[in-house]
Amino acid sequence: MEDQNETMDLRPFTEKVNQLKNAIGCVIVGQERSVDLILSAILARGHVLLEGVPGVAKTLLAKMIAKLIRAEFSRIQFTPDLMPSDVLGTSVFDMKTSEFRFHPGPVFADLVLVDEINRAPAKTQSALFEVMEERQATIDGTRHPMSPVYTILATQNPVEQEGTYKLPEAQLDRFIMKITIPYPSLEEEIEILERHNRNARLAKLEEVEAVITREELVQLFGYVEKVFVEHSLLRYIASVIQQTRNSKAVYLGASPRASVALLQSSKAMALLQGREFVTPEDIKTVAPFVLQHRLILNAEAEMEGHTPLRVVQRLIEKVEVPK
């Protein structure tokens with residue numbers, strides 16, 4: 001067994017992460033926190049749900065990250081008339097061989113961008129359940145495994161309700177994080193305008209070159225597994241999860257899947273900060289985004305204007321931080 005106290009050489013990891021961040025900064029202004037959260041979610045081998053109003057670069061950010069990883073990429077635009085076979089693929093009868101041949105759908109890629117995921121009905125949403133949890137698709141009794149780096153980056157608009165469908169709780173639980181993309185600050189908006197004003201070609205994705213291969217991404221996954229977590233921090237994570245189940249404002253608390261997601265995300269965030277060990281601050285940073293979409297508030301809390309994000313932030317403050 002490898003010694004937990006053995007020091008890792010983080011230079012290759014840090015170099016790759018800095019290349020990713022610098023490349024993103026050349027196209028997208030601001031959003032540093034969102035970028036850190038997305039990268040930590042991917043390194044923790046989880047799927048990401050990006051939520052924000054139209055025009056805040058949700059889709060651009062997802063496409064940018066996919067472009068920077070030299071891997072197979074596909075995009076699915078969810079619409080109300082989309083069928084499960086449009087996502088997974090279908091079997092077609094081959095007249096030459098007199099056999100059915102499976103034609104894979106767009107979900108079969110390394111990185112899949114699901115745009116406006118809440119526009120498809122429940123029947124189509126269910127097509128993603130197996131691939132998100134088990135990274136495989138069973139079609140006509142045949143199992144089709146996905147790649148080791150298989151990741152879904154989904155976007156949704158929280159404001160528009162017409163023509164949208166609420167995501168099932170079981171599907172939300174399969175996203176390791178729900179990240180809200182905010183409006184840019186005043187200074188960031190000025191920078192956006194300046195870039196456009198001098199024709200800085202802000203969003204030329206076709207000119208962006210990949211900085212990391214699929215094999216290198218798998219190696220980065222290994223770095224996350226080696227991050228050290230003290231037992232007191234494991235208890236801290238468990239205590240935060242318990243708070244979500246005991247809160248009077250919460251009807252449905254976080255599951256054990258959420259506690260594992262919080263652990264893995266914290267380890268990835270620690271690495272992004274250049275450390276090989278987790279601190280309480282890493283946990284507090286990622287916890288709101290790991291937990292907010294997994295909680296269902298009771299009617300009284302919703303009537304008082306509480307949101308899952310605010311409730312999670314308040315619950316974290318109630319848990320004593322390990323010394």
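Report on the accompanying structure. (Residues numbered from 1 in each chain as written. Predicted model: local features only at pLDDT ≥ 70, side-chain atom pairs only at ≥ 80, totals over all residues. Heavy atoms only, no water.)

What about the environment of asparagine 157?
Thinking step 1. For asparagine 157, the position within the fold is in the loop between strand S9 (151-156) and helix H7 (169-172).
Thinking step 2. Accessibility expressed as a relative area gives 11% for asparagine 157, which makes it buried.
Thinking step 3. Measuring from C-alpha to C-alpha, the distance between asparagine 157 and valine 229 comes to 36 Å, with 72 residues separating the pair along the chain.
Thinking step 4. Ignoring sequence-local partners within four residues, the contact set of asparagine 157 consists of Gly52, Val53, Pro54 and Asn118. (Helix = DSSP H or I, 4+ residues; strand = E, 2+ residues; numbered from the N terminus. Buried < 20%, exposed > 50% of the residue type's maximum accessible area, 1.4 Å probe, protein only. Contact = heavy atoms within 4.5 Å.)

Quick look at the side chain of serine 247
Thinking step 1. Relative to the helices and strands, serine 247 resides in the loop between helix H10 (231-246) and strand S12 (250-252).
Thinking step 2. Residue serine 247 is classed as buried on the basis of its relative accessible area of 15%.
Thinking step 3. Here the side chain of serine 247 touches alanine 249 through a polar contact of 3.2 Å, landing on its backbone nitrogen. (Polar contact = N/O pair within 3.5 Å; in protein donor to acceptor, adjacent residues only side chain to side chain.)

Section: a nonpolar patch on the surface
Thinking step 1. Together, Phe93, Met95 and Phe100 line one region of the surface with nonpolar side chains, adding up to about 380 Å² of accessible area.
Thinking step 2. Here phenylalanine 100 falls in the exposed class, since its relative accessible area comes to 59%. (Patch = residues over 30% accessible without salt bridge, like charges linked within 9 Å, V, L, I, M, F, W, Y side chains within 5 Å. Areas by Shrake-Rupley, 256 points an atom, 1.4 Å probe, with all protein chains shown as cover. Salt bridge = Lys/Arg side-chain N within 4 Å of Asp/Glu carboxyl O.)

Some points on empty space enclosed by the protein
Thinking step 1. Taken as a whole, this structure holds 1 cavity of 30 Å³ or more when the rule is applied.
Thinking step 2. Approximately 70 Å³ is the volume attributed to the largest cavity.
Thinking step 3. Broken down by secondary-structure element, the contributors of at least two residues to the lining of the largest cavity are helix H1 (11-27), helix H2 (32-43) and helix H9 (214-225).
Thinking step 4. Considering each element in turn, the lining of the largest cavity owes the most residues, 3 residues, to H2.
Thinking step 5. Residues of the lining of the largest cavity, tallied by class, amount to 10 nonpolar, no polar and no charged. (1 Å grid on protein atoms, 1.4 Å probe; cavity = no way out; pocket = protein on both sides within 12 Å on 5 of 7 lines; lining within 4 Å. Points joined across faces, edges and corners; volume = space filled by probe spheres on them. Nonpolar A, V, L, I, M, F, W, Y, C, P; charged D, E, K, R; others polar.)

Notes on the packing of helix H12 (residues 280-291) against helix H14 (residues 308-318)
Thinking step 1. At a minimum axis separation of 9 Å, H12 and H14 run at an interaxial angle of 140°. Put simply, H12 runs oblique to H14. The element H12 and its partner H14 pack so that their crossing is right-handed. Only Leu309, Val312, Gln313, Ile316 and Glu317 of H14 make contact with H12, whose side of the interface consists of Lys284, Ala287, Pro288 and Leu291. (Axes fitted to C-alpha atoms, helices over the stretch in contact; angles between N-to-C directions. Parallel < 35°, antiparallel > 145°, perpendicular 65-115°, else oblique. Left-handed = near helix turned anticlockwise from the far one by under 90°.)

Examining the environment of glutamate 99
Thinking step 1. Here glutamate 99 is to be found in strand S5 (residues 99-104).
Thinking step 2. In contact with glutamate 99, not counting residues within four places along its chain, are Val92, Phe93 and Asp94.

Points about the sheet that holds S9
Thinking step 1. What the 5 strands build is an open sheet, ordered S3-S6-S9-S1-S10; its pairing is parallel. Among the strands making up the open sheet, the edge pair consists of strand S3 (73-77) and strand S10 (175-180). Each strand of the sheet is rotated relative to its neighbour by a mean of 15°, with strand direction disregarded.
Thinking step 2. With 4 bridges connecting them, strand S6 (residues 111-115) and S9 associate as parallel partners. By the bridge assignment for S9, leucine 111 is matched with threonine 151.
Thinking step 3. Across the sheet, helix H3 (residues 58-68) lies against strand S1 (47-51), S3, S6 and S9, angled at about 170° from S6, the strand it touches most. (Pairing = 2+ DSSP bridges.)

Remember, this is a structural readout, not a statement about activity or role.
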